[in-house]
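Working through the structure, step by step
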Amino acid sequence: MLPEKMQSVKMLTDRLLEFPRVRMGHLPTPVEPLSRLSAATCCDIWVKRDDCTGIGFGGNKVRQLDFYLGQAVQQGATQVLITGAVQSNFVRVAAAMAARQGMGCHIQLEERVLDADDTYRQNGNVFLSRMLGATLYSYPEGEDEVGADARLFRLAQDLRSAGEVPFIVPLAPSSPPTGALGYVDAALELIQQNHFFDDIFVASGSSLTHSGLLFGLRALGNSTTVYGVCVRRDRVTQKERVRSRLRDLALLLDMPNNVLDADIRLDDCALAPGYGRMSTETEAAILKTARLEGMFLDPVYTGKVMAALMARTNKLRGRKILFWHTGGQPALFGYTNSFNDL
Ligand SMILES: *Cc1c(COP(=O)(O)O)cnc(C)c1O
C-alpha cells in the first residue's frame, strides 16, 4: 500500500474506534470469484460474502447493528426496539444480537407488501424472530417512516414506566446514520483485503449500506464505481436520500464528504413491481445464481441487485465487478409461493 493510502486507512480506523461497538460479526467476510456465473455472462464477477457475517443467519444488518447495540450497551439498555417490513432481516438480526446481549427485543412489523399471503406473514424472518424470543407488534402503514418511529417512541415510554431502559434503533432519515458506520468499516475491510474492482453492485434501501460504503471508499481515495440498486424507491427519490445520508455521515464522523454528486449512481431497472415483490427477471437471477454457484439470493434485495447486474453485462465486459451480497436468505421461506418456476 502507498504511504498516503496507509495513512488514510489509519485515520479512518482511528475515527471509527471512537464509536462503541459490540463486535458480534464474523469479520472479515470472504471475497470470492463467481467463476461459473462469470463464464455464463462473459464478465468477471466476484462476490463479497456479507451474507456470512455470522450471528442470527447474518447479512448486512450485523455490521449496522454492531454500532447501534454498542450505543445501547453504553446507555445500559435492557430492551431494544426496532421497526421494519414483515419479512425484515434487520429486525431478525436485532433480535439475535439483543438475545446475545441479554436484552429483550420489541419488533414492530409494517405492512409494506400488499397482497401478502400467510407464508409471508408467518414464515421466514417472522418465525425466526419469534424463536429468538422477541415481542412482535403490527403497524398498519407501510410508507410512514415517521409514524412508525413515533409509535416506537410511545412503546419506549411505556417500557420506561415499567422500569426498563429502552433503546430505539431508528429507521427514518431524521436520525443520525449510525448504521452506515458499519459500511464505512466494510470499505476499510475491502481495501485491506487487497482486491480492487472497477464496479460494485449493492442494494440501496434505507441506503445506510450504500452511503457508508461509498463514503468510506472515497475517504480512502478509492474510485470504484458503486451502483446502488433501488429496492424501494425510484432512482431520483433514492438519490436525494443517499445525498442527505452522506451529508449526515460527514457530520457524524466530523470528516469531509469526498463523494461527488455524479458519484451517486442509482439503478432502478429491477425495482418493479415494487418493494418486496418479485419480477420474472429477479426470479431468473435467483435461480441462475443458485444453479451456477450454489449461492442463495433473496427476493427483496440481492435478487434485484443480481437482476440489475445481469441487465448490464453487455456494458460490463472487461471490467472487474463485485456483487455485494447483503444476505436476506431467511426471507426465501416467506416467499415460497412467489416462485412461478418452481
Ligand atoms: C436491509 C437490507 C438491504 C438494504 O440495506 P440498506 O442499508 O437498508 O440500504 C440489502 N440487503 C438485505 C438482505 C437487507 O436485509
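Residues numbered from 1 in each chain as written. Predicted model: local features only at pLDDT ≥ 70, side-chain atom pairs only at ≥ 80, totals over all residues. Heavy atoms only, no water.

1. Looking at helix H3 (residues 60-74)
Condition: Only runs of H or I of at least four residues qualify as helices and only runs of E of at least two qualify as strands under DSSP, and these elements are numbered from the N terminus. One less than the number of residues in a helix, times 1.5 Å, gives the span that helix is expected to have. Note on bend: the value at a residue is the angle between axes fitted to the seven residues ending there and to the seven starting there.
With 15 residues, H3 ought to run about 21 Å at 1.5 Å a step, and its terminal C-alpha atoms sit 22 Å apart, in line with that. Along H3, the helix axis deviates most sharply at Asp66, where the bend reaches about 30°. Phi turns positive, to about 70°, at Gly76, one or two residues after H3.

2. A closer look at the site of the ligand
What counts is decided by this rule: Residues are labelled near a given molecule or strand when at least one of their non-hydrogen atoms is within 4 Å of it. Between N or O atoms, a polar contact is any pair within 3.5 Å; within protein, one atom must be a potential hydrogen donor and the other a potential acceptor, and residues adjacent in sequence are included only when both atoms are from side chains. Accessible areas in this description were obtained via Shrake-Rupley with a 1.4 Å probe; residue shielding takes into account the shown protein chains only. Gly is placed with the polar residues, together with every amino acid not listed as nonpolar (Ala, Val, Leu, Ile, Met, Phe, Trp, Tyr, Cys and Pro) or charged (Asp, Glu, Lys and Arg).
In the vicinity of the ligand, 15 residues are found, and the nearest of them are Lys61, Gly205, Ser206, Thr209 and Thr326. Contact between the ligand and Asn60: an oxygen atom at 3.0 Å from a side-chain N or O atom of the residue. Contact between the ligand and Leu208: an oxygen atom at 3.5 Å from a main-chain N or O atom of the residue. Calculation on the ligand without its partners gives an accessible area of 380 Å², and the protein chains cover 96% of this total. Broken down by secondary-structure element, the contributors of at least two residues to the shell around the ligand are H3, strand S7 (199-204) and helix H9 (208-219). Considering each element in turn, the shell around the ligand owes the most residues, three residues, to H3. Taken together, the residues of the shell around the ligand sort by class into three nonpolar, eleven polar and one charged.

3. Here we look at the packing of aromatic side chains
Aromatic ring pairs: the centre-centre distance and the angle between the two ring planes describe each pair. So the rule is basically this: Planes of paired rings set the category: under 30 degrees apart is stacked, over 60 is edge-to-face and the rest tilted, where pairs are Phe, Tyr or Trp rings (Trp by its six-membered ring) whose centres lie within 6.5 Å.
Applying the stated rule across the entire model yields six aromatic pairs. Considering the side-chain rings of Tyr120 and Tyr335, the 5.4 Å spacing of their centres and the 85° angle between planes classify their relative orientation as edge-to-face. One end of the pair, Tyr120, is in helix H5 (residues 118-122); the other, Tyr335, is in the segment after strand S10 (320-325), with 215 residues separating them in the sequence. When the centroid spacing of 6.1 Å and the interplanar angle of 65° are considered together, the rings of Tyr183 and Trp324 count as edge-to-face. Highlighted residues: Tyr183 in helix H8 (residues 181-192) and Trp324 in strand S10, separated in sequence by 141 residues.

4. Focus: the packing of H3 against H8
Definition in use: Angles run from 0 to 180 degrees between N-to-C directions of axes, and those axes are lines fitted to C-alpha atoms, restricted for helices to the stretch in contact. Definitions for this section: a left-handed crossing has its near helix turned counterclockwise from the far helix by less than a right angle. A right-handed crossing has that turn clockwise. In this analysis, two residues are considered to be in contact whenever any of their non-hydrogen atoms come within 4.5 Å of each other.
Viewed as axis vectors pointing N to C, H3 and H8 meet at an angle of 115°, and their least axial separation amounts to 7 Å. Here H3 and H8 pass one another in a crossing that is right-handed. From H3, Asn60, Arg63, Gln64 and Phe67 reach across to H8, where they touch Leu181, Gly182, Tyr183, Asp185, Ala186 and Glu189. For the contact of H3 with H8, a count of residues per class yields four nonpolar, three polar and three charged.

5. Here's the deal with the side chain of Asp51
Looking at the secondary structure, you find Asp51 in the loop between strand S2 (44-49) and H3. Within the structure, the side chain of Asp51 is placed 3.1 Å from the side chain of Gln329, a separation counted as a polar contact. With residues up to four places along the chain from it excluded, the contact list for Asp51 reads Phe57, Gly58, Gly59, His325, Gly327 and Gln329.

6. Observations concerning the sheet that holds strand S4 (residues 104-110)
Put simply, the test is: At least two DSSP bridges between two strands are needed for those strands to be called paired.
The four strands are arranged S5-S4-S3-S6 in an open sheet whose pairing can be described as parallel. Of all strands in the sheet, those bounded by a partner on one side alone are strand S5 (135-139) and strand S6 (166-169). Averaged over all pairs of adjacent strands, the angle between strand axes in this sheet comes to 20°, irrespective of strand direction. Bridge count between S4 and S5: five bridges; the pairing is parallel. Counterpart to Leu109 in the pairing with S5 is Ser138. The sheet contacts of helix H4 (residues 89-100) involve strand S3 (79-85), S4 and S6, and relative to S4 the element is tilted by about 175°. Sitting on the sheet, helix H7 (residues 145-161) touches S3, S4, S5 and S6, and the angle it makes with S3 is about 160°.

7. Concerning the side chain of Arg245
The residue Arg245 is located in helix H10 (residues 235-253) in this model. At 2.6 Å, the side chain of Arg245 and the backbone oxygen of Ser175 are in polar contact. Apart from residues no more than four positions distant in its own chain, Arg245 is found in contact with Ala172, Pro173, Ser175, Pro176, Pro177, Ser206, Ser207, Leu208 and Ser211.

8. Looking at helix H12 (residues 302-312)
The cut-off we apply is this: The buried label goes to any residue with under 20% of its type's maximum accessible area, the exposed label to any with over 50%, and the partly exposed label to all in between, with areas taken from a 1.4 Å probe on protein chains only.
Most of H12 is tucked away, with nine of its eleven residues classed as buried. For H12, the complete set of buried residues consists of Thr302, Gly303, Lys304, Val305, Met306, Ala307, Ala308, Leu309 and Met310.

9. Details of unusual backbone geometry
Cis geometry is found at the peptide bond from Leu27 to Pro28, where omega equals -5°. Residue position: Pro28 is located in the loop between helix H1 (3-16) and strand S1 (31-33). In this structure, Pro273 follows Ala272 across a cis peptide bond, with omega equal to 5°. Looking at the element boundaries, Pro273 is found in the loop between strand S9 (265-267) and helix H11 (280-293). Phi at Asn194 takes a positive value of approximately 60°, unusual for a residue other than glycine. Of note, Asn194 is situated in the loop between H8 and S7. Here Asp254, not a glycine, exhibits a phi torsion of approximately 55°, which is positive. Within the element layout of this structure, Asp254 appears in the loop between H10 and S9.

In short, the description is geometric, and any link to function would need to be established separately.
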